[in-house]
Amino acid sequence: MKKLKKILYPILQRLKRVVQIFFYDLCTILFKCKEKQILIASNTKNELHGNLLYIYDELQKYDYDIKILTMNKGNFIKRIKYEFKVLLNSATSKYILIDDFFPLMYVLNIRKGTKFIQVWHALGAFKRVGYSRLDIDNQNSLTHRNYTDTIVSSEDIVDNYAEAFGIDSNKVHPLGIPRTDMFFDTVKKEKTKQQIYEKYPNLKQKRVILFAPTFRGQGRRSAHYPEEYIDLDKIYESLDEKDIFILKLHPFIKNQLVIKEEYKDKIIDLTDYKDINELLLITNLLITDYSSVIFEYSFIENPIIFYVPDL
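Note that the coordinates shown come from a computational prediction; the quantities given were computed from them, not determined experimentally.

1. Digging into the environment of Asp-185
Consideration 1: The residue Asp-185 is located in the loop between strand E6 (172-173) and helix H7 (186-199) in this model.
Consideration 2: Once the C-alpha coordinates of Asp-185 and Lys-45 are considered, the two residues, 140 residues apart in sequence, prove to be 25 Å apart.

2. Focus: the packing of aromatic side chains
How two aromatic rings sit relative to each other is set out by the distance from centre to centre and by the angle between their planes.
Consideration 1: This model, assessed by the stated rule, comprises 16 aromatic pairs.
Consideration 2: Relative to Phe-165, the ring of Trp-120 lies with its centre 5.3 Å away and its plane at 70°, an arrangement referred to as edge-to-face. Separated by 45 residues along the polypeptide, Trp-120 in the loop between strand E4 (115-118) and strand E5 (149-151) and Phe-165 in helix H6 (residues 158-165) bring together distant segments of the chain. Of the two residues, Trp-120 and Phe-165, neither departs from the other in class, the shared state being buried.

3. Some remarks on the nonpolar core
When a protein is soluble and globular, its nonpolar side chains tend to lie buried together.
Consideration 1: Residues Val-86, Phe-102, Met-105 and Leu-108 are the most contacted members of the largest nonpolar core, which totals 34 residues.
Consideration 2: If you list the elements that add at least two residues to this core, you get helix H2 (18-30), strand E1 (34-42), helix H4 (76-92), strand E3 (93-98), helix H5 (103-106) and H6.
Consideration 3: Per-element tally for this core: the top contributor is H6, with 5 residues.
Consideration 4: Excluding residues that lie within four positions of it along the chain, Met-105 makes contacts with Val-86, Ser-90, Ile-96, Ile-110, Phe-116 and Asn-146.
Consideration 5: Counting 23 residues, the second largest nonpolar core, distinct from the first, contains Leu-210, Tyr-273, Leu-286 and Val-293.

4. Looking at the sheet that holds strand E10 (residues 285-288)
Consideration 1: Here we have 5 strands laid out as an open sheet, ordered E9-E8-E7-E10-E11, and parallel in their pairing. Each edge of the sheet is formed by a strand with only one pairing partner; in this case those strands are strand E9 (267-269) and strand E11 (304-306). Mean inter-strand twist for the sheet, computed between neighbouring axes without regard to direction, equals 20°.
Consideration 2: Pairing between strand E7 (residues 207-211) and E10: 3 bridges, direction parallel. Along E10, the bridge assignment pairs Leu-210 with Leu-286.

5. Here's the deal with a positive patch on the surface
Consideration 1: A cluster of basic side chains, namely Lys-188, Lys-191, Lys-199 and Lys-274, defines a positive patch on the protein surface.
Consideration 2: Position of Lys-199 relative to the elements: it lies in helix H7.
Consideration 3: Since its relative accessible area comes to 59%, Lys-199 is described here as exposed.

6. Topic: the pattern of salt bridges
Consideration 1: Applying the stated criterion across every chain, the model contains 12 salt bridges.
Consideration 2: The salt bridge involving Lys-67 is made with Asp-65; its shortest N-O contact spans 3.5 Å.
Consideration 3: Among the residues examined, Asp-65 registers a relative accessible area of 33% and is labelled partly exposed.
Consideration 4: A network of salt bridges, in which partner residues are shared, links Arg-216, Asp-289 and Asp-310.

Procedures and definitions
Residues numbered from 1 in each chain as written. Predicted model: local features only at pLDDT ≥ 70, side-chain atom pairs only at ≥ 80, totals over all residues. Heavy atoms only, no water. Helix = DSSP H or I, 4+ residues; strand = E, 2+ residues; numbered from the N terminus. Phe/Tyr/Trp six-rings, centres within 6.5 Å; stacked < 30°, edge-to-face > 60°. Buried < 20%, exposed > 50% of the residue type's maximum accessible area, 1.4 Å probe, protein only. Core = buried A, V, L, I, M, F, W, Y, C linked by side-chain atoms within 4.5 Å. Contact = heavy atoms within 4.5 Å. Pairing = 2+ DSSP bridges. Axes fitted to C-alpha atoms, helices over the stretch in contact; angles between N-to-C directions. Patch = residues over 30% accessible without salt bridge, like charges linked within 9 Å, V, L, I, M, F, W, Y side chains within 5 Å. Areas by Shrake-Rupley, 256 points an atom, 1.4 Å probe, with all protein chains shown as cover. Salt bridge = Lys/Arg side-chain N within 4 Å of Asp/Glu carboxyl O. Lys, Arg positive; Asp, Glu negative; His and termini not counted. Charge placed at Lys NZ, Arg CZ, Asp CG, Glu CD.

So, in structure tokens, the structure goes:
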């Protein structure tokens, strides 16, 4: 039964989106691919940030027609409209850029000559993702497999990402990660720091401790962080007047930790802050587990505590 399920899984993936597949294929017949058109799409964010934002900023210097489509939360009607916009623009774009898991795109037979590029949101290879996970049920899944190209930070992890995405290593290019450019731009760093201090003045002249763990679970639907792993009462008692403790949980995590009102002078939840790299600039100590944030924070050259009570 389990073997049959594995065989049927990619068929079921396509059957669930047969209307979308038909629409995309029809668009490739009715409309030409535009050589100067680039689609930048996010299925998990309401606005561009991270690698997609840095690539978009760079593309502004060139003569391209850039289409931006983002969607995180929305009702059924909005989601359907978004998906069909993505399909239409995918069919007419020479380049498609994404930076995360994007189920709609994996069932498509991408138009010949179109570059479907994964610029993945994480830096380095630390935790297992995609087909590298030991307990993945559906090795026959269509997920990730239709990328024409993806970028990584180093030659040393080309094979890791080829395995994780189920693609040939010649599609994985060690070109570096766009969003780390900020760490080498003194002016941008200082400007970003000032913007953070203006928005959160209580962080200024404090020793900032950032707690940024990754999620537990098999993916977006089951993502969580065990509350028993963090005792906010003890943390608050251990902080002195110069300390601020920031919570920055993974965006997939639904069970937000409750901070008592009397603790909010020293413990603040910035899980919804859009770019963790910006927070790293004002962080004095990072506490994390097997999140790839360790690689970005290595540019800061401040201490990291690995907190992994489940290992």
